[in-house]
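The residues making up each chain are set out below.
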Amino acid sequence: MSTAVSPAEVKPCSYKHGSWNCPFDAQGDHDRCIFHLSVDQKAPEEFWRHLASYLRALLCAEGDLLWVGEEVDDTLVNSYSSSIKPGDAWHFHGFVFPAMDEEHNFRGFVFAATDFMDARFSGEAHFADATFGAWAVFAFVKFDAGACFGGAKFAEGASFFQTEYAGAANFEGATFGAEANFNGTTFSGEADFVDATFNNRAGFFAAKFTDMAVFSRATFNGRADFRIAKLSDKANFHAAKFASMANFAGATFEGEANFSLATFSTGARFWDAKFAGMANFDVATFNGEADFSFAHFLSVLFFREADFKARVDFYEARLPGSSWMLGMDERTARSIRLLAEKHGWSADAGVFYAIEMDYRRRRFRKTPRCWLQYLLMELYRLTSHYGESPGRALASLAVALLLFSYSFVISGFWFMGRRVDRDLWATPSDLWLAFRLALVNLLPGNLPSYIPGAPVLSSPATRTWAVAQVIVTYVLLTMFLLAIRRRFRR
Ligand SMILES: [Zn+2]
């Protein structure tokens, strides 16, 4: 079938995108060329015949390129050749592709500089093992079904800026020689970047992943930018390698975030990131600073056997109390604490010291023969949060004083020749006297006997309480002073 029309009927295609105007002729009665007509306005075989001829014109030589040579129409080749400027990029700008099939696809195809901007693929797009010898632009492209770029090689920059994938996006084992730009891209199906290699900056800024995002064993040799990316399902970065900065600032992980065995060689920034599901950093290696400041962990956080070689920052991070504790282990907390102490980050050292102590307490609780250690640790926690809280120590001190005052009322004491002994019911004035007795009792030696009008201990029971009170008070006072000292050293 020939598309030849009389010269009078030929009008240019009306497709425009930015400054780019389609150079081809409109098709028949339509105002668009065969490439820009919507899928229901053209026959697929007609589209492929034109595309084969156009590709042949682009290749300017006998190609051994798959289906390109099979259905070439020489008239069409000549007509397309006239509209191609030498050295120009390959334009597929805004092309509307019908569904690809076994004969018509770009598997293993070799492209020069290529512009698919604003194109639309109505069926699955097959680019597996394709080679893009120069830059490749797929910005604003709509993939109505799956897109397969598995094993594809991008020698220069690849732009998938604000691309929309309605189906699965497969970039398994793809290699990006220069910058890969997926900023603002929407992945509605599974995004598969397993074993992909990014040799320069990988931009996933504000990208949306509504299905699983799989980057396991991916290699990021340039900066990995996932700032304010939204990952609504599982995010898998297992054993991924980040040679440069990994930036997940403001990213939202709504499903499980798996960074187990990942290596962060420069820095890992999870500043203000939100983890709604489990955050797993087991056996991860942080060679640079790990910044989790302002991060929100709503579920469990695992750092088992993680290796932190530089600073870890949890400034103002929200950690879900007990589950946070469960997610770490004593050894990890201890290694971070030692690291913080070595570098003089005393605030961090304090936080991780408390976590370490909490693990120790839990360990003692589970071991019956360590009941005494457990009891002491529990007291240490209750009275001063492992020496980290001067306020709690002060409150414990006040409570201890009041309890001992009450114990004196019950056990009885002498005041101005009157025996105060009220059993369980203490009047406020008696309690006040007992409180004074508790204070006086803290003075060393027989100093109390020199204070006129001081209440005096009366019975052996009271003396036992008095000894206990002195011990408890001085222990709590020491904890308070130690906690204050820790505060001031920061
Ligand atoms: Zn056109």
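Keep in mind it's a predicted model, so treat the numbers as computed, not measured.

**Student:** I would appreciate a short explanation of the packing of helix α5 (residues 346-366) against helix α6 (residues 371-384) in the present structure.
**Tutor:** When two helices pack together, their arrangement is given by the angle between the helix axes and the distance between those axes. Remark: α5 packs on α6, axes separated minimally by 8 Å, with the N-to-C direction vectors making an angle of 145°. Regarding α5 and α6, the two cross each other, and that crossing is left-handed. Counted together, M357, R360, R361, F364 and R365 of α5 and Q373, Y374, M377, E378 and R381 of α6 form the full contact between these two elements. Within the contact of α5 with α6, the residues separate by chemical class into 4 nonpolar, 1 polar and 5 charged.

**Student:** It is not clear to me how the environment of A52 should be interpreted in this structure. Could you clarify?
**Tutor:** If you trace the backbone, A52 turns up in helix α1 (residues 44-59). Each C-alpha atom, one on A52 and one on E70, is 7.9 Å from the other, the two residues being 18 residues apart in sequence.

**Student:** I tried to follow the packing of helix α7 (residues 390-411) against helix α8 (residues 428-441) on my own but got confused; where do I start?
**Tutor:** The interhelical angle for the contact between α7 and α8, taken along N-to-C directions, is 115°, at an axis separation of 8 Å. Relative to α8, the element α7 lies roughly perpendicular. As α7 runs across α8, the sense of the crossing is right-handed. Judged by residue contacts, L401, F404, S405, Y406, F408 and V409 of α7 engage D430, L431, A434, F435, L437 and A438 from α8. Residue composition of the contact of α7 with α8, grouped by class: 10 nonpolar, 1 polar and 1 charged.

**Student:** What exactly am I supposed to notice about the sheet that holds strand β11 (residues 142-143) here?
**Tutor:** Strand pairing in a sheet relies on backbone hydrogen bonds. The paired strands run either parallel or antiparallel. Ordered by their spatial adjacency, 10 strands build an open sheet running β4-β7-β11-β15-β19-β23-β27-β31-β35-β39, and the pairing between neighbours is parallel. The outermost strands of the open sheet, each flanked by one partner alone, are β4 (96-97) and β39 (296-297). Across 2 bridges, the pairing between strand β15 (residues 164-165) and strand β19 (residues 186-187) is parallel. Paired with Y165 across the strands is F187, a residue of β19.

**Student:** Sorry if this is basic, but what is going on with the sheet that holds strand β20 (residues 191-192) here?
**Tutor:** Taken in spatial order, the 9 strands of this open sheet run β8-β12-β16-β20-β24-β28-β32-β36-β40, and their pairing is parallel. In this open sheet, the two edge strands, each paired with only one partner strand, are β8 (125-126) and β40 (301-302).

**Student:** How should the environment of T114 be read in this particular structure?
**Tutor:** Here T114 lies in strand β6 (residues 114-115). Since 22 C-beta atoms lie within 10 Å of it, T114 is described here as buried. Discounting residues that sit within four places of it in the chain, T114 has contacts with A89, W90, F92, F132, A136 and V137.

What counts and how
- Residues numbered from 1 in each chain as written.
- Predicted model: local features only at pLDDT ≥ 70, side-chain atom pairs only at ≥ 80, totals over all residues.
- Axes fitted to C-alpha atoms, helices over the stretch in contact; angles between N-to-C directions.
- Helix = DSSP H or I, 4+ residues; strand = E, 2+ residues; numbered from the N terminus.
- Left-handed = near helix turned anticlockwise from the far one by under 90°.
- Contact = placed C-beta atoms within 7 Å.
- Nonpolar A, V, L, I, M, F, W, Y, C, P; charged D, E, K, R; others polar.
- Parallel < 35°, antiparallel > 145°, perpendicular 65-115°, else oblique.
- Pairing = 2+ DSSP bridges.
- Buried ≥ 20, exposed ≤ 12 C-beta atoms within 10 Å, placed from the backbone.

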